[in-house]
Amino acid sequence: MKIKIIILLISLCPALPAMAQTTDTLNAPPPVLNGLYADPNIAVFGNKFYIYPTTDGTKGWLSTSFTCWSSNNLVNWKNEGVILDLPHDLTWAAERAWAPTIARKNNKYYYYYSANVNIGVAVADKPTGPFKDPLGKPLIPKGTKRGQMIDPMVFVDDDGTAYLYFGQGQCNIVKLNDDMVSCDTSKIISFKPQGYNEGPFMIKRKEVYYLMWSEYDTRDPRYSIAYATSSSPTGPFKKAVGYPVLKGKGVVKGAGHHSVVQVPGKDEWYIAYHRFKIPGGDGYNRETCISPMRFDAQGNIMPVDVFEKVKPVKVKK
């Protein structure tokens, strides 16, 4: 009789299933890269995924080199080693190797990065490098525009036109020349979306351009990601109010400075980002994570669940 009563009470209590599905905000999935890495740029070339991060773990972010990581499934990642070493490979900067991005065009791989608060470009024949500096100077020198010349993001549109997004304090956009290593800095478009701080990133889905960025400071636990949309890669952009892309919760703090990759041939998207190291991290000790990113029927980016584990993903040849 007691068993029947308990079963009846469970069937009449709608709260119990909801309680069973409550997210455990005191535990989070482990980072995908071993060690301290931030500002991850995720990309797919051929049937492999790649992450190009900032090496973290020094106060003041004084890293001097960049690494590349590869994966066949988004879950298991291999360190491909150093692909650009500032003191060895550059003549104009030796430290503050930050926030790179990459694109493929002209059968080459073009790697854009911050070095001592300038933006440089390097070129390689393979996504794993080694990358070489073709200019011997920055592509975008510090002081070109207001704010810091950091956080480049390269976006190649369907017609082959490439755009560089960059800037802390304000967002800047410039069209790259066909050689991918030059641009007309007099034609830079500068603006500041509400809440914008740094880390711009662009994707295109169903003819809509999504410009995303990081809000607050990377040392702030509130560090998070917002976005705006446009019918053009250069705007004007309308901010999606009430639709934050990603922010921390519970044990996850400072979740931001992201990139996004689409699985080729599918409307399936994943977001790579950093968070404070768990446990004991801060704005100088961050780790790289990946989560699924989804859209609703109206094309809004749905809030990312930072506690959702990524399942293995394969790219068809």
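Residues numbered from 1 in each chain as written. Predicted model: local features only at pLDDT ≥ 70, side-chain atom pairs only at ≥ 80, totals over all residues. Heavy atoms only, no water.

Quick word on the side chain of S230
What counts, and what does not: Numbering of helices and strands runs from the N terminus; a helix is a DSSP stretch of H or I covering at least four residues, while a strand is a stretch of E covering at least two. Exposure classes here rest on a 1.4 Å probe applied to the protein chains alone. A residue is buried below 20% of its type maximum, exposed above 50%, and partly exposed in between. Pairing of N or O atoms within 3.5 Å defines a polar contact, subject to two protein rules: one partner must be a possible hydrogen donor and the other a possible acceptor, and residues neighboring in sequence count only if both atoms are side-chain atoms.
The residue S230 is located in strand β14 (residues 224–230) in this model. Look at S230 and you get buried, because its relative accessible area is 9%. Of the polar contacts made by the side chain of S230, one reaches the backbone nitrogen of S232; its length is 3.0 Å.

Some words on the nonpolar core
Test applied: Only buried Ala, Val, Leu, Ile, Met, Phe, Trp, Tyr and Cys residues count toward a nonpolar core, and they belong to the same one when joined by side-chain atoms within 4.5 Å. Note on contacts: a residue pair qualifies if any of its non-hydrogen atoms lie within 4.5 Å across the two residues.
Core analysis: the biggest nonpolar cluster contains 36 residues, and I203, M212, V245, L246, I271 and M293 have the highest contact counts within it. Contributing elements (two or more residues each) for this core: β8 (153–156), β9 (162–166), β10 (171–175), β12 (198–205), β13 (208–215), β14, β18 (269–276) and β19 (286–293). Sort the elements by how many residues they give to this core and β13 lands first, with five residues. Residue contacts for M212: discarding those within four places in its chain leaves G199, P200, F201, I203, I225, A226, Y227, V245, H258, V260 and I301. Within the second largest apolar cluster, 21 residues are counted, among which are I83, L90, Y111 and A115.

Concerning the state of the cysteines
Short version of the rule: Only a pair of cysteine sulfur atoms within 2.5 Å qualifies as a disulfide here.
For the structure shown, the criterion picks out zero disulfides. C183 supplies the cysteine sulfur nearest to C171, a cysteine that is in no disulfide, at a spacing of 14 Å.

Brief notes about the confidence of the model for the protein chain
Operational definition: Scored between 0 and 100, pLDDT is the confidence that the predictor attaches to each residue.
Averaged over every residue, the pLDDT of the protein chain is 93; residues scoring 70 or more account for 93%. Throughout residues 1–20 the model reports pLDDT below 50, and contacts reaching past four residues in sequence, or to other chains, amount to one contact.

Let's talk about the pairing of β12
Convention followed: If DSSP finds at least two bridges between two strands, the strands pair.
In terms of burial, β12 is largely enclosed, as eight of its eight residues are buried. Relative to β13, β12 is paired through six bridges, and the arrangement is antiparallel. Across the sheet, the residue bridging to E198 is S214, located in β13.

Some remarks on the pattern of salt bridges
Rule in force here: By convention in these notes, a salt bridge is any Lys or Arg side-chain nitrogen within 4 Å of a carboxyl oxygen on Asp or Glu.
Under the counting rule described, the total for this entry stands at twelve salt bridges. Here R286 makes a salt bridge to D56, at a shortest N to O gap of 2.8 Å. Here R286, found in strand β19, pairs with D56, found in the loop between β2 (48–55) and β3 (65–71); they are 230 residues apart in sequence, far enough to count as distant. Among the residues examined, R286 registers a relative accessible area of 3% and is labelled buried. In this structure, K239 engages E215 in a salt bridge whose closest nitrogen and oxygen atoms are separated by 2.9 Å. Of this pair, K239 sits in strand β15 (residues 238–239) while E215 sits in strand β13, and the two are 24 residues apart along the sequence. You can call E215 buried: its relative accessible area is 13%. A single salt-bridge network, built from bridges that share partners, covers D157, D158, K204 and E207.

What about the sheet that holds β9?
Which entries qualify depends on this criterion: For helices, the fitted axis covers only the stretch in contact; all axes are lines through C-alpha atoms, and the angles between them, taken along N-to-C directions, range from 0 to 180 degrees.
Spatially, four strands are ordered β8-β9-β10-β11 in an open sheet, and the strand pairing comes out antiparallel. Strands at the two margins of the open sheet, each flanked by one partner only, are β8 and β11 (189–191). Strand-to-strand twist of the sheet, defined as the mean angle between neighbouring strand axes without regard to direction, takes the value 20°. Note that β9 and β10 share four bridges and pair antiparallel.

Here we look at the sheet that holds β2
In space, the four strands of this open sheet follow the order β1-β2-β3-β4, with antiparallel pairing throughout. Taken across any chain shown, the strands that pair with only one partner, and hence form the sheet edges, are β1 (37–45) and β4 (78–85). With direction set aside, neighbouring strand axes in the sheet form an average angle of 25°. Two elements, β3 and β4, share five bridges in a ladder whose sense is antiparallel. Across the sheet, the residue bridging to T67 is V82, located in β4.

Considerations on unusual backbone geometry
Residues G129 and P130 are joined by a peptide bond in cis, for which omega reads 5°. Of note, P130 is situated in the loop between β7 (118–124) and β8. Backbone torsion omega between I278 and P279 reads 0°, so that peptide bond is classified as cis. Of note in the backbone geometry, L74 takes a positive phi value of approximately 75° without being a glycine.

Here we look at the side chain of N172
The residue N172 is located in strand β10 in this model. Owing to a relative accessible area of 0%, N172 belongs among the buried residues under this scheme. Side-chain polar atoms of N172 contact the side chain of S190, separated by 2.6 Å. When residues no more than four places from it in sequence are discounted, the contact partners of N172 are K145, M149, L164, Y165, F166, G167, I188, I189 and S190.

A word on the packing of aromatic side chains
Applicable threshold: Side-chain rings of Phe, Tyr and Trp, where Trp is taken by its six-membered ring, are said to pair if the distance between their centres is within 6.5 Å; with planes under 30 degrees apart they count as stacked, over 60 as edge-to-face, and otherwise as tilted.
Under the definition given, this model contains 18 aromatic pairs. Residues W61 and Y284 carry aromatic rings whose centres are separated by 4.7 Å and whose planes lie at 40° to one another, so their mutual orientation is tilted. Taken as a pair, W61 in the loop between β2 and β3 and Y284 in the loop between β18 and β19 lie far apart in primary sequence, 223 residues in all. On the basis of relative accessibility, which here comes to 17%, the residue W61 falls in the buried class. With a centroid separation of 5.4 Å and an interplanar angle of 70°, the aromatic rings of Y210 and F295 are classed as edge-to-face.

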